[in-house]
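Structural overview for review
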Amino acid sequence: MSQIRRYLEALGEIGKDPRGGVSRPSMSTPDLEAREFVVSLMKELHLKTFYDLAGNLIGVREGESDGPFVTTGSHIDSVMNGGIFDGALGVMGALEVVRELNEDMVRTRRPIAVIVFTDEEGNAYTPFLGSKYFAGLLRPTDLEGFRGLYSGNPFPKDFEEFSKRTKATRIDRFVGNVAHHVELHVEQGPVLESMGKEIGVVTGIVGVQRLWITFKGRQSHAGTTPMNMRRDPMIPAARTILAVRRETKKVEEAVGTVGLLDVTPNVMNVISGQVTVGVDIRSLEAEDMKAIKEAVLNEATEAAAEEKVQVGYKELFEEPVKCSEEVVSKIESSAKKLGLSYMRMPSRALHDTQVMASVAKVGMIFVPSKGGVSHAPDEYTDWEQVEKGVKLLKEVIMELSD
Ligand SMILES: [Zn+2]
């Protein structure tokens with residue numbers, strides 16, 4: 001019988017917050033306890049259990065060959081007052097897969113490693129600290145530069161605390177070659193539930209295009225300035241906001257949001273001197289984000305000229321990451337084989353897997369989130385759906401490691 005529910009509920013007890021949910025930022029006291037819970041489980045399952053200099057936990061199940069590896073896993077750190085499924089499902093699900101492989105006495109050709117990545121949420125040090133180190137994107141000396149938001153300590157100090165306590169074996173870095181990496185995760189959105197599908201086959205992780213568009217006009221009295229003598233930056237800002245929605249809607253699968261408005265001086269009886277509009281555009285296609293950005297900037301420029309205000313912008317761009325078609329179709333064919341209903345979809349939240357894409361062929365499996373709720377105490381996935389997700393992960397890992 002599957003142990004996944006027992007595993008997840010037991011982990012969910014660690015760092016339980018009296019204000020609701022779990023609060024388990026990376027390397028906090030509850031996180032250290034949760035790590036040792038996972039380490040003892042790994043040992044119970046006869047995994048060779050290591051930790052690297054970034055505090056990633058790595059449980060190795062040997063195969064008939066030395067490599068390359070199939071890796072799976074996720075994170076056990078949580079946001080404050082988070083749920084018991086985010087991240088935890090990918091770790092405990094992977095351990096349940098190992099437990100079943102052991103029980104069925106399955107020998108795989110390739111070795112399998114279950115990984116717990118440090119600080120995925122970035123609540124303690126920096127997002128993806130663990131996966132970036134694992135993928136070789138951070139050097140050991142880079143780790144010294146991160147300071148714990150809650151502990152106030154530089155990362156190496158918190159790491160030493162963990163190091164003293166853990167029963168895993170210390171290594172500098174995992175040197176095995178990783179061929180494929182698969183992560184099981186809750187969707188954290190409402191799509192699967194609303195489409196009535198059991199499984200989301202993730203095609204990629206969306207990129208983000210951010211724009212901070214600033215309009216500078218002339219601050220003046222809201223009463224005494226005649227309408228035809230105003231240079232009001234709020235007007236082009238308003239047109240820009242509407243343009244974000246209009247232009248994003250033209251592109252399937254893209255989303256665009258203005259969630260930030262910085263108004264100076266932000267006073268009722270004053271025509272603003274300056275307004276900044278914060279735009280967040282996400283898509284799996286870099287080209288689509290570029291097209292929306294261009295159209296929004298055109299509107300901003302035109303609207304600013306009409307109002308005789310100045311306009312400028314800053315931007316930040318993060319590339320979307322595509323999953324490997326090989327892994328995606330393997331997940332699909334496995335879902336078909338198990339009789340699970342599924343759909344292809346992008347991930348609109350960020351995951352360690354996008355970092356792993358720099359070293360391996362990657363894929364992700366989503367299971368439905370009730371009401372689309374996540375990063376909240378009432379994050380929930382039906383236990384039946386959880387078990388289906390684990391079943392699929394097992395099938396995919398067996399296929400990839402064969
Ligand atoms: Zn997560």
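To keep things clear, this report deals only with the structure shown in the data block. This is a predicted model, so every value here is computed, not measured. (Residues numbered from 1 in each chain as written. Predicted model: local features only at pLDDT ≥ 70, side-chain atom pairs only at ≥ 80, totals over all residues. Heavy atoms only, no water.)

Okay, unusual backbone geometry next. The step from glycine 67 to proline 68 runs through a cis peptide bond, and the omega angle for that step is 0°. Along the chain, proline 68 falls in the loop between β2 (57-61) and β3 (69-74). Residues threonine 264 and proline 265 are joined by a peptide bond in cis, for which omega reads 0°. In this structure, proline 265 sits in the loop between β10 (255-264) and β11 (270-271). In the Ramachandran plot, methionine 105 falls in the positive-phi region, its phi being about 50° despite a non-glycine side chain. Looking at the secondary structure, you find methionine 105 in the loop between α3 (88-103) and β4 (112-116). Even without a glycine there, the phi angle at asparagine 266 is positive, about 65°. Here asparagine 266 lies in the loop between β10 and β11. (Helix = DSSP H or I, 4+ residues; strand = E, 2+ residues; numbered from the N terminus.)

On to the nonpolar core. In terms of nonpolar packing, the biggest core is built from 84 residues, with Leu8, Val38, Leu89, Met92, Leu95 and Ile365 touching the most fellow members. At nine residues, the largest contribution of residues to this core is made by α3. Once residues within four sequence positions are removed from consideration, leucine 89 is found in contact with Ile4, Leu8, Ala94, Leu184, His185, Val186, Val367, Val386 and Val390. Membership of the second largest hydrophobic core comes to 19 residues, among which are Val251, Val275, Val296 and Ala300. (Core = buried A, V, L, I, M, F, W, Y, C linked by side-chain atoms within 4.5 Å. Buried < 20%, exposed > 50% of the residue type's maximum accessible area, 1.4 Å probe, protein only. Contact = heavy atoms within 4.5 Å.)

Relative to each other, helix α8 (residues 234-249) and helix α9 (residues 286-307) sit at 155°, their axes nearing to 9 Å. Here α9 runs roughly antiparallel to α8, going by the angle between their axes. Considering the relative orientation of α8 and α9, their crossing is right-handed. Across the interface between the two elements, Ile235, Pro236, Arg239, Thr240, Ala243, Val244, Arg246, Glu247 and Thr248 from α8 touch Ile292, Ala295, Val296, Glu299, Ala300, Glu302, Ala303, Ala304, Glu306 and Glu307 from α9. Residues of the contact of α8 with α9, tallied by class, amount to ten nonpolar, two polar and seven charged. (Axes fitted to C-alpha atoms, helices over the stretch in contact; angles between N-to-C directions. Parallel < 35°, antiparallel > 145°, perpendicular 65-115°, else oblique. Left-handed = near helix turned anticlockwise from the far one by under 90°. Nonpolar A, V, L, I, M, F, W, Y, C, P; charged D, E, K, R; others polar.)

Within this structure, the stated rule accounts for ten aromatic pairs. Geometrically, the ring pair formed by phenylalanine 117 and phenylalanine 134 is edge-to-face, given 5.9 Å between the ring centres and 90° between the ring planes. Here phenylalanine 117, found in the loop between β4 and α4 (129-134), pairs with phenylalanine 134, found in helix α4; they are 17 residues apart in sequence, far enough to count as distant. Each of the two residues, phenylalanine 117 as well as phenylalanine 134, counts as buried. Taken together, the ring pairs in this structure connect Tyr51, Tyr125, Phe155, Phe159 and Phe162 into an aromatic cluster. (Phe/Tyr/Trp six-rings, centres within 6.5 Å; stacked < 30°, edge-to-face > 60°.)

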